[in-house]
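Fold and geometry: a report
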Amino acid sequence: MEYHQLIVAVQKHQSIPKGKITSIKMRTIIIVLLASMYFLPVHSQNVISQDQSKDSLKTKLKILFMKDQFFRKMYKDVEEQYGSTSHETEYFWEVVEKQDQILEKELIAILEQYGWLGITEVGRLGNTAQWAILQHASVATKQKYAPLLKASVLEKESQAQHYARLIDRMLINQGEAQRYGSQITYDDSGNKIFYEIQEPGSVNQRRAAIGLSSIQDFAKKVGVEWKEN
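Parameters and conventions
- Residues numbered from 1 in each chain as written.
- Predicted model: local features only at pLDDT ≥ 70, side-chain atom pairs only at ≥ 80, totals over all residues.
- Heavy atoms only, no water.
- Helix = DSSP H or I, 4+ residues; strand = E, 2+ residues; numbered from the N terminus.
- Polar contact = N/O pair within 3.5 Å; in protein donor to acceptor, adjacent residues only side chain to side chain.
- Phe/Tyr/Trp six-rings, centres within 6.5 Å; stacked < 30°, edge-to-face > 60°.
- Buried < 20%, exposed > 50% of the residue type's maximum accessible area, 1.4 Å probe, protein only.
- Axes fitted to C-alpha atoms, helices over the stretch in contact; angles between N-to-C directions.
- Parallel < 35°, antiparallel > 145°, perpendicular 65-115°, else oblique.
- Contact = heavy atoms within 4.5 Å.
- Nonpolar A, V, L, I, M, F, W, Y, C, P; charged D, E, K, R; others polar.
- Expected span 1.5 Å × (residues − 1).
- Salt bridge = Lys/Arg side-chain N within 4 Å of Asp/Glu carboxyl O.
- pLDDT = per-residue confidence, 0-100.

Moving on to the environment of Gln159. The topology assignment puts Gln159 in the loop between helix H7 (139-154) and helix H8 (160-173). Distance in space between the C-alpha atoms of Gln159 and Arg124 is 9.1 Å, their sequence separation being 35 residues. Engagement of the side chain of Gln159 in a polar contact is seen with the side chain of Gln161, the distance being 2.7 Å.

This part takes up the packing of aromatic side chains. Here the distance between the centres and the angle between the planes together describe a pair of aromatic rings. Across all of its chains, the model carries 7 aromatic pairs by this definition. Relative to Phe71, the ring of Phe70 has its centre 5.9 Å away and its plane inclined at 50 degrees; by these criteria the two rings are tilted. With respect to class, Phe70 is no different from Phe71; both count as buried. Through a chain of ring-to-ring contacts, the aromatic side chains of Phe70, Phe71, Tyr75, Phe92 and Trp93 assemble into a single cluster.

Okay, the packing of helix H6 (residues 119-135) against H8 next. Taken N-terminus to C-terminus, the directions of H6 and H8 make an angle of 5 degrees; their axes are 11 Å apart at the nearest point. When the interaxial angle is binned, H6 and H8 end up roughly parallel. Side by side, H6 and H8 meet where Thr128, Trp131, Leu134 and Gln135 of the first sit next to His162, Arg165, Leu166 and Arg169 of the second. A per-class count over the contact of H6 with H8 returns 3 nonpolar, 3 polar and 2 charged.

A word on the side chain of Ser152. Positionally, Ser152 belongs in helix H7. Excluding residues within four positions of it along the chain, Ser152 makes contact with Trp116, Gly118, Glu157 and Ser158.

What follows deals with H8. A rise of 1.5 Å per residue sets the reference length of H8, with its 14 residues, at 20 Å; its end C-alpha atoms lie 20 Å apart and thus fit the reference within 8%. Every buried residue of H8 is accounted for by Ala160, His162, Tyr163, Ala164, Leu166, Ile167, Asp168, Met170 and Leu171.

As a further point, take the pattern of salt bridges. Tallied over the entire structure, the rule returns 4 salt bridges. Arg72 serves as the salt-bridge partner of Asp100, at 2.7 Å between the closest nitrogen and oxygen. Taken together, the positions of Asp100 in helix H5 (residues 87-114) and Arg72 in helix H3 (residues 54-72) put the pair 28 residues apart, joining distant regions of the chain. Overall, Asp100 belongs to the buried group, its relative accessible area being 11%. Residues participating in the shared-partner salt-bridge network are Asp68, Arg72 and Asp100.

It is worth spelling out the environment of Ser214 at this point. Along the chain, the position of Ser214 falls in the loop between helix H9 (203-209) and helix H10 (215-222). Exposure remark for Ser214: the relative accessible area of 24% places this residue in the partly exposed category. It is 9.9 Å that separates the C-alpha atoms of Ser214 and Tyr180, two residues lying 34 residues apart in sequence. Engagement of the side chain of Ser214 in a polar contact is seen with the backbone nitrogen of Asp217, the distance being 3.1 Å.

What follows deals with the confidence of the model for the protein chain. In the predicted model, the protein chain carries a mean pLDDT of 83, and the fraction of residues at 70 or more is 77%. In this model residues 1-24 is a low-confidence stretch, pLDDT under 50, and it forms 35 contacts with partners more than four residues away in sequence or in other chains. Across residues 43-48, confidence stays below pLDDT 50; counting only partners more than four residues off in sequence or on other chains, it has 7 contacts.

Listed below in structure tokens is the structure:
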């Protein structure tokens, strides 16, 4: 599979063929990783012109989304080949982190000029790209721009599940209980369970406030037994 074909696979939300990365030596992987930082450049140093068309923004966000997802389509193959604690895998994630920092700057430039771009402005993929990149940004950036996403959700211009996942993951990473019940883990027996939820008795009120279905419906959908207590 050539580089441009890998990009197309990510673009279509497809997985890279199993074993494809494991057949490539680590040196080649590193070259691809580093090269992807420069292919399809988005010029982080340039100020976005005021008259930039929405089509141009849609294309820009599409490219940023491809870059955000490209590495993450590879990590399982890299870990299977070299081990999750190997120096090669550690370096892989160092490169991913560096790429995340570059994309974070690109996203901030867009949000500072345009605010949170809704689905009617940049399409569902462009809208999703903002959330995907924000998820991998610094805590400070998440905290700053999460209210913009929430406002867009309340205007039905962004997906409620994106906001719920962003907030819940932030809380869990800080060692706190999640707010909307969007995050699942596994118990010692391998059964799906919810991460701890703040005040479970009122979770449906919080979910409804941003346009989510009930926790019972969500639990049934993802195959998790719902226990309020």
